[in-house]
Amino acid sequence: MPIHTSPRRARTARTAVAALVAAAACWGTGTVVSKQVVDDVTPLTLLPVQLAVSCTFLLVLSLVRHEPLIWTPSVRRLAALGVLNPGIAYALGLIGLTTITASMSVLLWALEPVVILLLAALVLRERIPAALAVTVGVAISGALLVLYQPGASGDAVGITLTLVSIGFCALYTVLTRRLVLDDSSLAVVLAQQAAALVFAVALASVVELTGGAGWNLAGLGTGAWLGAAVSGILYYGLGFAFYVTGLRHLPASYAGAFLPLIPVFGVAVGYLAGERLGLRQWLGAIVIVAATAVIAARHRGCVLGTGPSSEETTATHRDQGESS
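The text that follows walks through the structure, step by step, so that each part is easy to find. (Residues numbered from 1 in each chain as written. Predicted model: local features only at pLDDT ≥ 70, side-chain atom pairs only at ≥ 80, totals over all residues. Heavy atoms only, no water.)

1. Considering helix 2 (residues 43–64)
Let me state the cut-off plainly: Note on conventions: DSSP H or I runs of at least 4 residues are helices, E runs of at least 2 residues are strands, and numbering of each starts at the N terminus. Helix span, as expected, comes to 1.5 Å for every residue beyond the first. Only protein chains enter the accessibility calculation, which uses a 1.4 Å probe; a residue whose area is less than 20% of its type maximum is buried, one above 50% is exposed, and one in between is partly exposed.
Under the 1.5 Å per step criterion, the end-to-end length of helix 2 is 32 Å for 22 residues, consistent within 8% with the ideal 32 Å. Residues of helix 2 that are buried: Leu44, Thr45, Leu46, Leu47, Pro48, Val49, Gln50, Leu51, Ser54, Cys55, Leu58 and Ser62. Downstream of helix 2 by one or two residues, His66 has phi in the positive range, about 55 degrees.

Pasting the structure below:
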């Protein structure tokens, strides 16, 4: 029996896929910029600076688009998740990065889509098709080909903190998908970023008062400030805004499946900056893009096919929220 596709649902499918690809592009590019800045700015100083720039950018954007932040009950609940990610999650990730190599860190972060799949099945009761699980596995294999560097190492504390950080980020994806209802994606992200900013400022201040490396703004050059601003807008402002937009229209398990695209965009930006890829990295990039294209096609079928539409899924989550 032929499936009749409404123009609205077709636009929804294209919007969700495009938003998640854009989020991966922002996070991949923002990572490259952040790596350049972190040599001049301590991590606990960089995080609140990036979040402050991101919040300012999102606030201006919301005013231009005439989307005021309205503190509905759902927005208040979603704002609290900003403390979880990027607040606690990124703070733990930065601390863990001080005791493990960058190669070990990115290899561990390749596990995030798997954790999202597991949590989506446990928390949201999403049915994970075997084909999706296999395709995600292929994409992760491609990510490992791109990211692996010989000599990746780290101590048990750094590895544990990184794994906990990954778990928090995956939990953020699942809980945001469960709570997001009819609120604007821009309003949700602004509320979450503001909560994360408060946490980041408090954390840096506490560390500074206890004699640690909290605030270190003295002597920063124009390049460091510009890099922090650009990375804040890309990584936190635009990246999270695109990601939440995608989460509004598809299951968390599918949204997480687009994350292996991040290193592809990262190495592409590095290539433009003069870095060159080996044959193994090119092969990995091709595998990731091919696997993600398959996932995108399956998602389009999910949105346009016989499964529940995004509107029906939203109604289900609304009913769950009201009953809880």
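2. Concerning the packing of helix 8 (residues 185–209) against helix 9 (residues 222–247)
The criterion, for reference: Orientation is described by lines fitted to C-alpha atoms, with helices fitted over the stretch in contact, and by angles between N-to-C directions that extend from 0 to 180 degrees. Geometric relationships in this document are graded by angle, where less than 35 degrees denotes roughly parallel, more than 145 denotes roughly antiparallel, 65 to 115 denotes roughly perpendicular, and other angles denote oblique. In this scheme the handedness of a crossing depends on how the near helix is turned from the far one: anticlockwise by less than a right angle means left-handed, clockwise means right-handed. A contact between two residues is defined here by any heavy atoms of the two lying within 4.5 Å. As a working rule, the residues Ala, Val, Leu, Ile, Met, Phe, Trp, Tyr, Cys and Pro are called nonpolar, Asp, Glu, Lys and Arg charged, and the rest polar, with Gly in that last group.
Viewed as axis vectors pointing N to C, helix 8 and helix 9 meet at an angle of 130 degrees, and their least axial separation amounts to 9 Å. Considering their axes alone, helix 8 and helix 9 lie oblique with respect to each other. Of the two elements, helix 8 crosses helix 9, and the hand of that crossing is right-handed. Contacts from Ser185, Val188, Val189, Gln192 and Gln193 of helix 8 reach helix 9 at Tyr236, Gly237, Phe240, Ala241, Val244 and Thr245. When the residues that make up the contact of helix 8 with helix 9 are grouped by side-chain class, the tally is six nonpolar, five polar and no charged.

3. Quick word on unusual backbone geometry
Looking along the chain, the bond that leaves Asn85 and enters Pro86 is cis, with omega of 15 degrees. Turning to its location among the elements, Pro86 is positioned in helix 3 (residues 73–97). Not every positive phi belongs to a glycine, and His66 is a case in point at roughly 55 degrees. Mapped onto the elements, His66 comes out in the loop between helix 2 and helix 3. Look at His66 and you get exposed, because its relative accessible area is 70%. Phi angles above zero are rare outside glycine, and Arg125 is one such case at about 60 degrees.

4. Some points on the side chain of Asn85
Looking at where Asn85 falls in the secondary structure, it is placed in helix 3. Setting aside chain neighbours within four positions, we find Asn85 in contact with Tyr90, Cys169, Tyr172 and Phe240.

5. Quick look at helix 8
An α-helical turn contains 3.6 residues, so a residue and the one three or four places further along point in the same direction. Given a rise of 1.5 Å per residue, 25 residues ought to cover 36 Å, and the 36 Å separating the end C-alpha atoms of helix 8 matches this to within 8%. Among the residues trailing helix 8, Gly211 stands out with phi positive, at a value near 90 degrees.

6. Re the environment of Val198
When you line up the elements, Val198 lands in helix 8. Assessed through its relative accessible area of 59%, Val198 is described here as exposed. In this structure, the C-alpha to C-alpha distance between Val198 and Val83, residues 115 residues apart in sequence, is 8.4 Å.

7. Considering the environment of Leu59
Relative to the assigned elements, Leu59 resides in helix 2. Note: C-alpha distance between Leu59 and Ala187 (128 residues apart in sequence) is 8.8 Å.

8. Describing the environment of Gln50
Here Gln50 shows up in helix 2. Judged by relative accessible area, which is 3%, Gln50 ranks as buried. Taking the C-alpha atoms as reference, Gln50 lies 8.2 Å from Val230; in sequence the two are 180 residues apart. When near neighbours in sequence (up to four residues on either side) are disregarded, Gln50 contacts Ser34, Ala228, Ser231, Gly232 and Tyr236.

9. Observations concerning the side chain of Ser185
Here is the rule: In protein, a polar contact means a hydrogen-donor-capable atom and an acceptor-capable atom, both N or O and within 3.5 Å, with residues adjacent in sequence counting only if both atoms are side-chain atoms; elsewhere, any N or O pair within 3.5 Å suffices.
Within the secondary structure, Ser185 is located in helix 8. For Ser185, the side chain forms a polar contact with the side chain of Thr245, separated by 3.4 Å. The contact partners of Ser185, leaving out residues within four places of it in the chain, are Ala241, Val244, Thr245 and Arg248.

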